[in-house]
Amino acid sequence: MQKTAMAIAAHPDDIEFMMAGTLLLLKQQGYAIHYLNLSTGNCGSIEHDSAATTAIRMEEAKHATRILEATFHPPICNDFEILYGVELLRKLAAVIRQVKPAIILTHSPSDYMEDHMNTSRLAVTAAFVRGVPNFKTDYPAIANTNCAVYHALPHGLLTPLGQPVIPELFIDTTSVQPVKRQALAAHKSQQNWLEDSQKMNSYVQAMEDFSLAIGNMSRRFEHAEGWRRHLHFGFSEPGYDPLEELNGFYLKNKDYA
């Protein structure tokens, strides 16, 4: 049976910024890969209203998914409405029960904005309840097979209070960087928005700078993504670390404590 990996992020383009390289390498390893942004991205514009922005960003996300050759899952809420509550938890848990991922990639628990942090919390709890039959969703509970949850580095590689975040492990994304760049560039509506809201002159260059900085942290790779593994209790056997299957692309951080 084919193994499955799923990226769960807050907004269209978040997967491409911090997770898509690892997702692409897992696909090369034989995994079926899945792509879910919880939000429509409806507030990500200074030019269009909410409905128009939603439509534009939906098409951009689908385009990026085609570039990544991943399975697209539609969003379940709007920007700034990613709140940790039972309604969204049931919706997300239903998707996880259907996909049955062996690997979940999601945001850092500590990040620069609440949408990212709440997505991380929702992803963790939704994975935890995948095999809990008394937690009801539109899809029945599944067997508690191994599922590893990995947290990406935060946007800017810093906590909200400006402290550096050190990854537990590095994944060498150099070989898939051109595809990752192409997938992020599919979100072309975000150039003006990110320049206005976050003072990014080029959102694609910002992603490049992040991956180069993480590669430099590794002291081995040119481009990399950094990950921290969620504690295994309730998710998997002790020591379950399927990203290790990426072999030469995988590097444990000796400085991680």
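Thresholds applied
- Residues numbered from 1 in each chain as written.
- Predicted model: local features only at pLDDT ≥ 70, side-chain atom pairs only at ≥ 80, totals over all residues.
- Heavy atoms only, no water.
- Helix = DSSP H or I, 4+ residues; strand = E, 2+ residues; numbered from the N terminus.
- Buried < 20%, exposed > 50% of the residue type's maximum accessible area, 1.4 Å probe, protein only.
- pLDDT = per-residue confidence, 0-100.
- Phe/Tyr/Trp six-rings, centres within 6.5 Å; stacked < 30°, edge-to-face > 60°.
- Lys NZ or Arg CZ within 6 Å of the ring centre and 35° of its normal.
- Salt bridge = Lys/Arg side-chain N within 4 Å of Asp/Glu carboxyl O.
- Pairing = 2+ DSSP bridges.

### Focus on unusual backbone geometry
And step 1. Backbone geometry places glutamate 69, a non-glycine residue, at a positive phi of 60 degrees.
And step 2. By secondary structure assignment, the location of glutamate 69 is in the loop between helix 3 (50–68) and strand 3 (71–73).
And step 3. On the basis of relative accessibility, which here comes to 54%, the residue glutamate 69 falls in the exposed class.
And step 4. Positive phi outside glycine occurs at phenylalanine 80, with the angle close to 65 degrees.
And step 5. Relative to the helices and strands, phenylalanine 80 is located in the loop between strand 3 and helix 4 (86–99).

### Re the confidence of the model for the protein chain
And step 1. The predicted model of the protein chain averages 95 in pLDDT, with 96% of residues at 70 or higher.
And step 2. Considering each helix and strand of the protein chain separately, the mean pLDDT is smallest for helix 7 (residues 190–197), with a value of 65, and largest for strand 4 (residues 103–106), with 99.

### Considerations on the packing of aromatic side chains
And step 1. In this structure the tally under the stated criterion is three aromatic pairs.
And step 2. Centroid distance phenylalanine 17 to phenylalanine 210: 6.3 Å. Interplanar angle 45 degrees. Geometry classified as tilted. One end of the pair, phenylalanine 17, is in helix 1 (residues 14–18); the other, phenylalanine 210, is in helix 8 (residues 203–218), with 193 residues separating them in the sequence. This pair shows no difference in class: phenylalanine 17 is buried, exactly as phenylalanine 210 is.
And step 3. Sitting over the ring of phenylalanine 135, arginine 90 keeps its end group 4.8 Å from the ring centre.
And step 4. Lying over the aromatic face of tyrosine 84, arginine 121 brings its terminal NZ or CZ to 3.9 Å of the ring centre.

### Things to note about the environment of aspartate 138
And step 1. Structurally, aspartate 138 can be placed in the loop between helix 5 (114–128) and strand 5 (148–152).
And step 2. C-alpha separation for the pair aspartate 138 and glutamine 98, spaced 40 residues apart in sequence, amounts to 9.9 Å.

### Brief notes about the pattern of salt bridges
And step 1. Taken as a whole, this structure holds seven salt bridges when the rule is applied.
And step 2. Note that arginine 229 is salt-bridged to glutamate 168, the shortest N-O span being 3.2 Å. Of this pair, arginine 229 sits in strand 7 (residues 224–229) while glutamate 168 sits in the loop between strand 5 and strand 6 (169–172), and the two are 61 residues apart along the sequence.
And step 3. For arginine 229, a relative accessible area of 24% puts it in the partly exposed group.
And step 4. We classify glutamate 168 as buried; its relative accessible area is 10%.
And step 5. One salt bridge connects lysine 180 with glutamate 225, and the closest N-O pair in it is separated by 2.6 Å.

### Examining the pairing of strand 6
And step 1. Residues Leu169 and Ile171 of strand 6 are buried on one face, and the alternating residues Phe170 and Asp172, pointing to the opposite face, are buried as well.
And step 2. Note that strand 6 and strand 7 share four bridges and pair antiparallel. Among the inter-strand pairings, leucine 169 is bridged to a residue of strand 7, identified as tryptophan 227.
And step 3. Relative to strand 8 (residues 250–252), strand 6 is paired through three bridges, and the arrangement is antiparallel. Among the inter-strand pairings, leucine 169 is bridged to a residue of strand 8, identified as lysine 252.

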